[in-house]
Amino acid sequence: MPETKPVLMQGNEACAVGAIAAGVRFYAGYPITPSTEVAEQMAAKLPEIGGVFIQMEDEIASMAAVIGASIGGMRTLTATSGPGFSLKQENLGYAIMAEIPCVVVNVQRMGPSTGVPTAPAQGDVMQARWGTHGDHPIIVFTPASVYESYYLTIAAVNLSQKLRQPVIVLLDEVIGHMREKVTIPEGKLMVEKSSDKVPSDWKPYDEKGLTPLVPFGFGHYYHVTGLFHDQYGFPTGDPPQVERALDRLHEKLEKYRDEIVLTNYIGHKEPRVAIVTYGCTVRSARSVVKKAYWQNRLPVGLLSLQTVWPFPAKEIEALAKQADVIIVPEMNRGQLVGEVERYACGEAKVVPLNRYDGEMINPDQISEEVGRWL
Amino acid sequence: MGNRQEILLTGAGGQGLILASIVMAAAAVNDNKNVVQTQSYGPEARGGASMAGVIIDVDTIEYPKVTKPTVLLCMNQTSFNKYLPKVEPACIIIADSTYVSGSYSKDYKVLSFPITRSAKEGLGREVVANMLALGVINAASGLINREIFRASIFEMAPKGSGELNQQAFDLGYRLYEKGSGQNIGASSQTPQ
């Protein structure tokens, strides 16, 4: 790997840089604070490398354009914030059903509705999971640094292609807007085209399992629909086929679970008090654990979640067996905490720590809560 | 926690403080330091009060927001009145005497320099007052290697304006070396 020089980069910019490194050459979007810099960067960079940037009339059309470009064989990205994310939900469901890869970046701001456009929040965690209707699978990454914005966007693009599954990069305003020192690896990232390894008996929705996407215009003809469909893409309402199709959508994520679910633990091996969090809140929690464990050797640990969906159930189960108390700081009124509680199964007491005034949870707040349970 | 330095740049929207914070952060990266830059978004960045923060540390920076500034720059009266009471007395406080005057608590040691006026009179361009302020800050704090800082300014300045911006930075050093002015508060300090 060639020598690389560290640079100052913004979270939103890192997202765009990561997308381009992962082969994204099509962006359609409608600008919205605090995600606009993603669009700005893509608008500046894509035309120079033969890519396409379109500012669409709204978020619904943006999502549709992204899906269209994807099935035409391009790697695609769109970025938005809460209000726009709501609008994208219908087409997002279509992409899940029709198994069309795409990456949607949602830089969360304070909601509901127009909310406080410039204030940070983590209020879209459940929307990212269940925003579109039906019993669908979804992958959601939550970066906690500028570098994570970069590499999780790359992971999002690649997983999306591999699994033919939309992936959401759920940033928050703090991470999206802050600038910090990062070292971006130089050189070209190997971008493998899924259509490079098409079997001779290729079916667009092979019931045997994961099958690569062959873009339109590459010699295979098939039907694409949001209706439940058979292996060839034609609509079906046949109960066994419907059931099999829905299972298959979920099974592809289950099969690659360990590639998808990314977490990181720091702190005491057998913590009495553990913190579970994601996004910008990880930073406050990490500064608490550094002080409590690295300096003072207190039995405290932090499980940070780079992936919130599929939920890291296994990791929470294991943590709950170790810890007496699990604190879940979130910049909302309590969303992921319910999930943590579900998998802690009463093995550990789960304590929410919430803030929803448009300010970040600071280390003092977490430290105080940790102190209460030590 | 290492050697965390927090620099808070405050003033009015349009004075180039956010850009100054980005240039400073880039200079810190070039000087091989860890750095995080944040800024206030929203209505204040569009004309009202403006605020930008830079955190520099040898250690990894976790919490990205400025909580205890070690350097405070006030480029107008409103920001001076608002942020001065929020900092600790040990903080290096730099005020632009072009816009800031009046009394303040004697607990604080305020360094005042005619930043904007010097940019206008010394270089004929008020617009480089932000780079001049960076010169003053770096002279007062010694946070970043001067030559690396100068080179970073050249690198980030719009084409053709690199040297002018570097001159402004150097003028900031000269202002600091001449010493703080007596024209803010000094004669009218009131104990509080």
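The structure presented is a predicted model; accordingly, all values stated were derived computationally and were not measured.

**Student:** Give me the interface of chain A and chain B: which residues, what numbers.
**Tutor:** Facing 25 residues of chain A, the contacting portion of chain B comprises 23 residues. Of the roughly 1900 Å² buried between chain A and chain B, counting both surfaces, carbon and sulfur atoms make up 57%. The largest share of the area that chain A buries against chain B comes from Leu8(A), Arg179(A) and Lys181(A), three residues that together contribute 31% of it. Counting across the interface, chain A meets chain B through 2 salt bridges. A salt bridge links Glu62(B) to Lys290(A); the shortest N-O distance between them is 3.0 Å.

**Student:** A description of helix α12 (residues 336-344) of chain A should follow, citing residues and the corresponding values.
**Tutor:** Side chains of residues three or four places apart in an α-helix project in the same direction, reflecting 3.6 residues per turn. All names here are of chain A. Restricting attention to buried positions, one finds in α12 the residues Leu-336, Val-337, Glu-339, Val-340, Tyr-343 and Ala-344. The buried residues of α12 all sit within an arc of 160° when viewed along its axis, so they share a single face. Cys-345 lies just past α12 and shows a positive phi near 50°.

**Student:** Break down the side chain of Asn106(A) for me, with residues and values.
**Tutor:** Residues and elements named next belong to chain A. Summarising the element assignment, Asn-106 is placed in strand β5 (residues 103-108). Residue class for Asn-106 comes out buried when judged on its relative accessible area of 0%. A polar contact of 3.5 Å, which involves the side chain of Asn-106, links it to the backbone nitrogen of Gly-82. Setting aside residues no more than four positions away along its own chain, Asn-106 makes contact with Thr-80, Ser-81, Gly-82, Phe-85, Asp-124, Val-169, Leu-170 and Leu-171.

**Student:** Could you give an account of the pairing of strand β2 (residues 34-39) of chain B, naming the residues involved and the relevant values?
**Tutor:** Each regular strand carries side chains that alternate between the two faces of the sheet. Taking burial as the measure, the 6 residues of β2(B) include 5 buried ones, the bulk of the element. With 2 bridges joining them, strand β8 (residues 179-182) of chain A and β2(B) adopt antiparallel strand pairing. Residue Arg179(A) lies in a different strand from β2(B), and its bridge partner there is Gln37(B). Where β2(B) lies against strand β3 (residues 49-57) of chain B, 6 bridges are found, and the strand directions are antiparallel. Its bridge partner lying in β3(B), Asn34(B) is registered against Asp57(B).

**Student:** Before we move on, could you go through the packing of helix α1 (residues 17-30) of chain B against helix α5 (residues 146-156) of chain B and cite the residues and values that matter?
**Tutor:** Residues and elements named next belong to chain B. The N-to-C vectors of α1 and α5 enclose an angle of 125°; their axes lie 9 Å apart at closest approach. Taken together, α1 and α5 sit at an angle that is classed as oblique. In the packing of α1 onto α5, the handedness of the crossing is right-handed. Residues Ile-22, Val-23, Met-24, Ala-26, Ala-27 and Asn-30 of α1 touch α5, and the partners they reach there are Ile-148, Phe-149, Ser-152, Ile-153, Glu-155 and Met-156. Within the contact of α1 with α5, the residues separate by chemical class into 9 nonpolar, 2 polar and 1 charged.

**Student:** Please set out the pattern of salt bridges residue by residue, giving values where relevant.
**Tutor:** Inspection of the entire model under this criterion finds 20 salt bridges over all chains. Note that Arg257(A) is salt-bridged to Asp258(A), the shortest N-O span being 3.4 Å. Taking relative accessible area as the criterion, Arg257(A) reaches 16% and is therefore assigned buried. A relative accessible area of 56% places Asp258(A) in the exposed class. A salt bridge links Glu121(B) to Arg117(B); the shortest N-O distance between them is 3.6 Å.

**Student:** Explain the sheet that holds β5(A) residue by residue, including any values.
**Tutor:** Residues and elements named next belong to chain A. Read from one edge to the other, the open sheet built from 7 strands follows the order β3-β2-β4-β5-β7-β6-β12, with strand pairing classed as mixed. The open sheet terminates on both sides in strands that have one partner only, identified here as β3 (52-55) and β12 (307-309). Mean inter-strand twist for the sheet, computed between neighbouring axes without regard to direction, equals 25°. Of the pairings in the sheet, the one linking strand β6 (residues 139-141) to β12 comprises 2 bridges and is antiparallel in character. Bridge pairing in β12 places Val-140 opposite Trp-309. Docked against the sheet, helix α4 (residues 82-98) engages β4 (75-80), β5 and β7 (167-172), running at close to 155° with respect to β5.

**Student:** Could you give an account of the layout of surface pockets, naming the residues involved and the relevant values?
**Tutor:** Residues and elements named next belong to chain A. In this structure, the second largest pocket encloses a volume near 340 Å³. Of all the secondary structure elements, the ones that give two or more residues to the lining of the second largest pocket are α5 (125-130), α8 (239-255) and α12. The class makeup of the residues in the lining of the second largest pocket is 9 nonpolar, 1 polar and 5 charged. Counting residues domain by domain, the lining of the second largest pocket receives three or more from each of domain 1 (1-260) and domain 2 (263-373).

**Student:** How would you summarise the domain arrangement of chain A if you had to cite specific residues and measurements?
**Tutor:** All names here are of chain A. By the assigned domains, chain A splits into domain 1 (1-260) and domain 2 (263-373). Taking only C-alpha atoms, the centre of domain 1 and the centre of domain 2 are 28 Å apart. Listed per partner, the contact involves 30 residues of domain 1 and 26 residues of domain 2. When domain 1 packs against domain 2, the two sides together hide about 2200 Å² of surface, and 55% of this comes from carbon and sulfur. Where domain 1 packs against domain 2, one counts 3 salt bridges. Across the salt bridge formed by Glu-180 and Arg-283, the nearest N and O atoms sit 3.0 Å from each other. The interface formed by domain 1 and domain 2 holds 18 residue pairs in polar contact (both at pLDDT 80 or more) in total.

Reading the values: rules and limits
Residues numbered from 1 in each chain as written. Chains lettered and ligands numbered in written order. Predicted model: local features only at pLDDT ≥ 70, side-chain atom pairs only at ≥ 80, totals over all residues. Heavy atoms only, no water. Contact = heavy atoms within 4.5 Å. Buried area = accessible area lost by both parts, 1.4 Å probe. Salt bridge = Lys/Arg side-chain N within 4 Å of Asp/Glu carboxyl O. Buried < 20%, exposed > 50% of the residue type's maximum accessible area, 1.4 Å probe, protein only. Helix = DSSP H or I, 4+ residues; strand = E, 2+ residues; numbered from the N terminus. Arc of directions from axis to C-beta. Polar contact = N/O pair within 3.5 Å; in protein donor to acceptor, adjacent residues only side chain to side chain. Pairing = 2+ DSSP bridges. Axes fitted to C-alpha atoms, helices over the stretch in contact; angles between N-to-C directions. Parallel < 35°, antiparallel > 145°, perpendicular 65-115°, else oblique. Left-handed = near helix turned anticlockwise from the far one by under 90°. Nonpolar A, V, L, I, M, F, W, Y, C, P; charged D, E, K, R; others polar. 1 Å grid on protein atoms, 1.4 Å probe; cavity = no way out; pocket = protein on both sides within 12 Å on 5 of 7 lines; lining within 4 Å. Points joined across faces, edges and corners; volume = space filled by probe spheres on them. Domains from an automatic or database assignment.

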